[in-house]
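# Inside the fold
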Number of protein chains: 2
Amino acid sequence: MTYRAPVSDILFTMRHVSGLDRALGEGLYDDLSTDLAATILEEAGRFANDVIAPLNREGDKHGAIFKDGVVTTAPGWKEAYAAWTDAGWNALPGPVGYGGQGLPVLLNSACVEMWNAASMAFGIGPVLTMGAIEALIAHGSEDLKSRYLEKLVSGEWTATMNLTEPQAGSDLAAIRTRAERVGDGTYRITGQKIFITYGEHDLTDNILHLVLARLPDAPAGTRGISLFLVPKFLPDGTRNDARCHSIEHKMGIHASPTCTMMFGDHGGAIGWLVGEENRGLACMFTMMNNARLAVGLQGVAIAERAYQQALAYAHERRQGRAIGSTQDGMSPIIEHPDVQRNLLTMKALTAAARAICYLTAEGIDRAHRDKDETSRRKGNERASLLTPVAKAFATDVGVEVASLGIQVHGGMGFIEETGAAQHLRDARIAPIYEGTNGIQAIDLVARKLPLSGGETVRTQIASMRATVTRVMKEGTPAFGATAPRLRDAIESLDRATGYLLKTVSSNAPAEALAGATPYLRLFALAQGGAALAEAALAANALMSGGDKDPAHASRIALCRFFAENIAVAAKGLEDTVLSGADFLRDASLALAS
Amino acid sequence: MTYRAPVSDILFTMRHVSGLDRALGEGLYDDLSTDLAATILEEAGRFANDVIAPLNREGDKHGAIFKDGVVTTAPGWKEAYAAWTDAGWNALPGPVGYGGQGLPVLLNSACVEMWNAASMAFGIGPVLTMGAIEALIAHGSEDLKSRYLEKLVSGEWTATMNLTEPQAGSDLAAIRTRAERVGDGTYRITGQKIFITYGEHDLTDNILHLVLARLPDAPAGTRGISLFLVPKFLPDGTRNDARCHSIEHKMGIHASPTCTMMFGDHGGAIGWLVGEENRGLACMFTMMNNARLAVGLQGVAIAERAYQQALAYAHERRQGRAIGSTQDGMSPIIEHPDVQRNLLTMKALTAAARAICYLTAEGIDRAHRDKDETSRRKGNERASLLTPVAKAFATDVGVEVASLGIQVHGGMGFIEETGAAQHLRDARIAPIYEGTNGIQAIDLVARKLPLSGGETVRTQIASMRATVTRVMKEGTPAFGATAPRLRDAIESLDRATGYLLKTVSSNAPAEALAGATPYLRLFALAQGGAALAEAALAANALMSGGDKDPAHASRIALCRFFAENIAVAAKGLEDTVLSGADFLRDASLALAS
C-alpha cells in the first residue's frame, strides 16, 4: 500500500477552513487563483505519490550509511532529490528575487504535508533548507544573500540548523561552541553539535551549516549566542573544517542522516556572521517558528499515510461476521463497529491537525502579505499563538494515529514488511525535535497566551464560538450533537485560559506550567473541532446549493464524530488544568521510590 | 540503566489491594506466609535484575536467527533459560503432583511481571508453557499428563499455542488446518500456522505444540475445532513432521522467535487429542484466559521498566533552571513541572494497571482454592470480568508509558542505544496478541457484563464505591479531591454500565460494541482509581500507626494524582459510550474518501 495524496481534502481545507477563498478575494496572494492552486497541488501530489513514496520502505531498510566521514543516502534518494528540485518544488515558497516562485506559505504547507507523507525521512531535509532561507532573508548581509540564497532556493545546495550540543538541548543557554573573530570579517568556529539532520549527505555538492556559537567576550546565557553560516565547501572550493563524526542509530526516519558534527578539529571552521553578534537566538527563532509548523505538518502527514494504509487493510481483510451483515461468510473488518471507531478516530484527528496547521500557515501569510498593518500584526500574533498548538498537537496525533494504524492491522501491524510499524517509528521523533511538545506547551502558556494582554487568544476563542453559533443555527440533523459538544469544549477552553492568564503572571507560574500540556490538548480539541465545523458548514452549504460530491456528507459526519467522541475529553482536561496542579506540592514525594 | 524489580511496591499491592493479607488469614494459600512471599519475590527480583535484564538490549540487537529450519536464540539466552528453570521459577505455579510448587497465581503474576520487565522477549516464552500446562491439567488424558506434564512444569520442555492461520486471526471459525484419525489413537495434522511464539528455538530439547485443527467430519465454525498436542520430537525420539518455515521480522521483541509453522508437509504430523473432539476451543480458552492476564502483566512490566529508566534520566539530565530552584545553574529536569507530570502519569498508570492485574489474579486463585462454592463462583466471575480489562488496559498503558518514557528522554529517547525506544517497540505487540484490545473490549461488554444477569459487574462497582466512601470519611488533607473525583468516575462507570447492559441484549448490539473500547477504558479508570485508593488508605493507616516508611506518603500522593489528573477523563468516556455510537449510522459515509 503506497500513498495517495488527498488533494481534494487538502484543497477543501485550504479554501474553506484556512481562508484561501477569502484571501484570494482580497488579493492577498497576487496572481494565485483557485485553479492554479489546484493544479499545483495535483502536480505535487503526483510527484509525492509516484517518485517519493516508493522510496519510503527501502529508505527505512537501507538507511543512510556512514563511512570515513562520508554519508551515502539510500538507493534512489539522490535521483529523487534531483528530480524534486529540478521540478522546482524547493523554490515554491522562495523569494522571487532569488529564483523562488513566491507562493504562499499556506500552499507550500500543503506540499510539505505531501512530501512528508510520501516519506518523512525525505521531507525533513528541505525543511531545514527553507528555515535557513528565511533566516538569511531576514538577517543575512547582502553579501551572504547574493552568495548563497539562489543555491538554497533552487535546492542545489541544502542547509542545516546546528543548535543542539550534548549539554544543550531544550536549554540553548548552555551552548559551548566557540567563535573567534579573525579580523577579516570571518570567524573561526570550534565545537561539537549533535542531532544535526542531514548534516552530511551525498544529495548535493555543498551544505550550508547555520551554527549557534559564542564569542569570547559574549555575555553568559542566551544573550551571548551568535549565529554563523559555515559552508561545507568554501567559496574558493576548498573543504571547510566542518565534518561529520558519526550518524545516529535511530528508532525511525532511518534514511535521514542524523549527524554529530565537529567544527574546527583542524584549526577552526570558517564562518560568517548572520545578523548581529550576540543576537543569534533571535535569528534562529526565525528559522524555528516555520520549522515548527513544518514538523507539525509531518505529524499530519504520517497520520494521513497511516490512515490510508489502515483503511485499505480494513476493506480487504475479512474476519468474523459483522452484525447485520447481509453477505455470506466473513465480513471486511471495516464493518465491525470497533474498527470503525479506530478508523474514524484516525481520520478525525488527522483532519483536525491538518486544519490547525493550515490555519497557522494562513496567519504567517497574513503577517507577511497583508497591506494593512493591524492585519499583519494580528496575523502574526495568531500564527504565534497557533504554532505551538500545530507543532505539538499534530505530532502527538501522528504518533497516536500511527499506533492505531498498527492496531487495525492486528498481528500484521507488528511485522515490518507491512509498513505500519515504520509509520510509528518514524512519527515518534516529531514530538521531540524542533522543541519538545512539553516546550511547545510552555511556550503556548507562558509566551503566547499573554500576547496583546490576552486579546489574541480571546479573539481566537471568539472565532471558535462564532463557528459553533452558526452550526447551532443550521439545525441540520446530520450535525447531531456537534454544537453542544463543541460549545462545551470551547467553554472549557475559555475557563482554562482565564485561569492560566491569571496564574502565569502571578506568583505561581509553576502551577500554570504544570497544566501546560493538558491545556494545549484542550486548545487543540476546541480549535480542531471548530475547524472541522467550518469545513462541515461549507460542505453543507455546497450540498444545499446542489453539489452532489459525496465528500461533503462525509465532512459533516466526520465533524460530528470528532465533536461527540473526541472533543468530549475537554472537560477532563479543564479539570486537570484548573486543579490538577496540586500535584506539584507532593510531586517529589510521589516520585520518590 | 537496567531494571530493579520494585519488590516492595509489588508486595504492598498484593497485600493491601489484591487481598493477600486477607487470603492468608483465611488459609486460602495453605502454608504461604507474608514472609515467605516476600522472600520469593526478593529472590525473583534478584534473578530478574541480575540474570535476565542484562540480556534485554543484546537480545534486541541480535534477535533470534533462523537458518535452514533451525532457530538460534541470542547469545546468553540458552544459559539464562537453563538457570531460570534450574532455580525452579517455571515450576512455581505448577501442580504439586507433577513437580510444581503449587503457589498462587497471584504470586506467580508478580514474578511474571518481573521476568517481563527484565525482558519481554524472554518472558513471553514461559507464558505459553504455563498455558499448555493448564490446558493439559484441565482437559488432557491421564496418558498425556503423565507423559508431558512434568517436563512442562519443570520447563525442561516448552510449549506453544498454534491458533492463528493467515485467514484466521480474531476469527478462529476460519481455521483450516486438518486432522485425520489414524485409528490407533493418534491423528495426522496438516496445515500452516502463523505468528507462533517460540514455535522453534534452541532453549530446550523438545517443544510441545498445541494445535487447533478440524476433523474431516467436523461441523463448520467454532464448534468443529479440536485441540491436539503435537510434539516436535515423538516419544520414540524421532522427529515429528512439524517444522518452522520462517520467522518474522518484527518491530520489537526481536529475541522472541515468531514462527510460521508447517504441520504435515511430509505426510502429516502425529498428534494426540486434548479434551474431546470438536471441543478444542473450550480447551484453548483455558489457556487463553491466563495468557491474557500474563500479557496484561507484560504491559505493567514494560511500563515499570520505562518509568524507571525515565525517572533515572530525569534525575541525571540537567536543562534549564526550574522555577524556585535554590541551586545555581541548570536543574535536573525532574524539577520542571511538565516533566513531573509525565513521570507521575507514567507511575500512576503503571500502578493502576498492576493493581488491576493482581486483582484479576486474586480472582483466579479464589476460583480455584476457596472452600466455599459460592466464593469460588464469584471469584471466577470476578476474574472473568476483570481479565479483558487487565489485558487491554495494562497493554495500552504499556504503550502509553513507553512512549512517554521516550519523550522524557528528549532526543536521546529516539536513539536506539538509549534503550527507551526498545521499550515502545516491544510494548507495541501486547495490545495485539492474545486477542486484540478491541476483542477484549467486545468480550467485556458482550460476555462479561451480562454475567449473573449483571450482578458481577454491579458487585464490582459497589466495591469501588465502598472504597471511595472510606476515603471520604478519612478526611486526610493529603487525599485532596481524590474522593469526589473517583466518585464521579465510578458514577460515570455505573451509568455507562447500565446503558450497555440494556443495549447489548437489545436489538441494537452494534451500538454497545461501538462503545466497547471507551467503556473498557472508563472501567479501568474507575477500578484503577479505587485500587490506588485502597493502597493509599492502607498506607495512611500504617502511617497513623507510626510506620515511617516514606513510600506510604508517596502512595497517597500518587493516588491523588491519578484521581485529579487521570480519572477525570471518565466523564468524556461516558459521553462517548452513551451517545457516541451515533456515528455508526454515518460511519461508511464518513470513511468514504
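Residues numbered from 1 in each chain as written. Chains lettered and ligands numbered in written order. Predicted model: local features only at pLDDT ≥ 70, side-chain atom pairs only at ≥ 80, totals over all residues. Heavy atoms only, no water.

## Topic: the overall build of chain A
Per the secondary structure count, chain A includes 20 helices and ten strands. Rg of the C-alpha trace for chain A: 24 Å, near the compact-globule value of 25 Å for 593 residues, within the 12% margin. Across its three principal directions, the C-alpha atoms of chain A cover 75 × 60 × 55 Å. Buried positions account for 64% of the 593 residues belonging to chain A. Contacts in chain A between residues at least 24 apart in sequence constitute 75% of all its contacts with a sequence separation of at least 6. Accessible surface, chain A as shown: approximately 20100 Å² in total, 52% of it carbon and sulfur. (Helix = DSSP H or I, 4+ residues; strand = E, 2+ residues; numbered from the N terminus. Rg over C-alpha atoms; globule rule 2.2 N^0.38 Å. Buried < 20%, exposed > 50% of the residue type's maximum accessible area, 1.4 Å probe, protein only. Contact = heavy atoms within 4.5 Å. Areas by Shrake-Rupley, 256 points an atom, 1.4 Å probe, with all protein chains shown as cover.)

## Quick notes on the packing of helix α1 (residues 7-16) of chain A against helix α3 (residues 34-52) of chain A
Residue and element names in this part refer to chain A. The contact between α1 and α3 brings their axes to 10 Å, and the two run at 145°. Between α1 and α3 lies a crossing of right-handed hand. On the side of α1, the interface is formed by Val 7, Ile 10, Leu 11, Met 14 and Arg 15, while α3 contributes Thr 34, Ala 38, Leu 41, Glu 42 and Gly 45. (Axes fitted to C-alpha atoms, helices over the stretch in contact; angles between N-to-C directions. Left-handed = near helix turned anticlockwise from the far one by under 90°.)

## Points about the relation of the copies chain A and chain B
Here the two chain copies are tied together by a rotation about an axis and a shift along that axis. Laying chain A over chain B is done by rotating through 180° and shifting 0.0 Å along the axis; what remains is an RMSD of 0.0 Å. Put plainly, the chains are arranged around a two-fold axis. Ranked by how close their C-alpha atoms come to the rotation axis, the residues of chain A are headed by Ala 569 of chain A, at 3.1 Å. Interface overlap between copies: 100% of the residues of chain A at the interface are likewise at the interface in chain B, consistent with a symmetric, same-surface contact. (Least-squares fit on C-alpha atoms with pLDDT ≥ 70 in both.)

## Looking at the UniProt feature "domain: Acyl-CoA dehydrogenase/oxidase N-terminal" (unreviewed entry) in chain A
Under the feature "domain: Acyl-CoA dehydrogenase/oxidase N-terminal" (unreviewed entry), the UniProt entry names residues 39-156 of chain A. Between the C-alpha atoms that bound residues 39-156 of chain A there is a distance of 25 Å. The span itself is 66% helix and 5% strand. (UniProt positions renumbered as here; feature names shortened; annotations may be inferred.)

## Side note on the interface of chain A and chain B
Every contact between the two is made by 87 residues of chain A and, on the other side, 87 residues of chain B. Counting the surface chain A buries against chain B, the share from its top three residues, Met 251, Phe 414 and Leu 591 of chain A, is 12%. The tally of links between chain A and chain B comes to four salt bridges. Between Asp 582 of chain A and Arg 560 of chain B there is a salt bridge; the shortest N-O distance is 3.2 Å. (Buried area = accessible area lost by both parts, 1.4 Å probe. Salt bridge = Lys/Arg side-chain N within 4 Å of Asp/Glu carboxyl O.)

## Describing the nonpolar core
Residues Leu 343, Phe 393 and Tyr 519 of chain A together with Leu 343, Phe 393 and Tyr 519 of chain B are the most contacted members of the largest nonpolar core, which totals 394 residues. With residues near it in sequence (within four places) discarded, Tyr 519 of chain A still touches Leu 444, Val 445, Leu 449, Val 457, Leu 493, Ala 496, Thr 497, Leu 500 and Val 577 of chain A. (Core = buried A, V, L, I, M, F, W, Y, C linked by side-chain atoms within 4.5 Å.)

## Section: unusual backbone geometry
All names here are of chain B. Its identity is not glycine, yet Ile 253 carries a phi of approximately 35°, on the positive side. Take Ile 253: it is sitting in the loop between β8 (242-247) and β9 (258-263). By relative accessible area, Ile 253 is classed as buried at 4%. In this structure, Ser 452 takes a positive phi of about 45° despite not being glycine. Here Ser 452 shows up in the loop between α13 (437-448) and α14 (455-474). We classify Ser 452 as partly exposed; its relative accessible area is 36%.

## A closer look at the pattern of salt bridges
Side chains that differ in sign of charge can pair as their charged atoms come close. Applying the stated rule across the entire model yields 72 salt bridges over all chains. We note a salt bridge from Arg 382 of chain A to Glu 362 of chain A, for which the minimum N-O separation is 2.8 Å. Highlighted residues: Arg 382 of chain A in helix α11 (residues 373-408) and Glu 362 of chain A in helix α10 (residues 337-369), separated in sequence by 20 residues. With a closest N to O distance of 3.9 Å, Asp 365 of chain B and Arg 369 of chain B form a salt bridge. Here Asp 365 of chain B and its partner Arg 369 of chain B are both found in helix α10 (residues 337-369), four residues apart, which amounts to about one turn of the helix. Here the residues in one salt-bridge network are Glu 26, Glu 362, Arg 366, Asp 370 and Arg 382 of chain A, joined through shared partners.

## Describing helix α6 (residues 105-118) of chain B
Its 14 residues give α6 of chain B an end-to-end C-alpha distance of 20 Å, which sits within 8% of 20 Å, the value for a rise of 1.5 Å per residue. In terms of residue burial, α6 of chain B counts as a mostly covered element, since 13 of its 14 residues are buried. (Expected span 1.5 Å × (residues − 1).)

## Here's the deal with the UniProt feature "domain: Acyl-CoA dehydrogenase/oxidase C-terminal" (unreviewed entry) in chain A
According to UniProt, the feature "domain: Acyl-CoA dehydrogenase/oxidase C-terminal" (unreviewed entry) maps to residues 278-446 of chain A in the numbering used here. Here residues 278-446 of chain A is 73% helix and 0% strand, with 24 Å between the C-alpha atoms at its ends.

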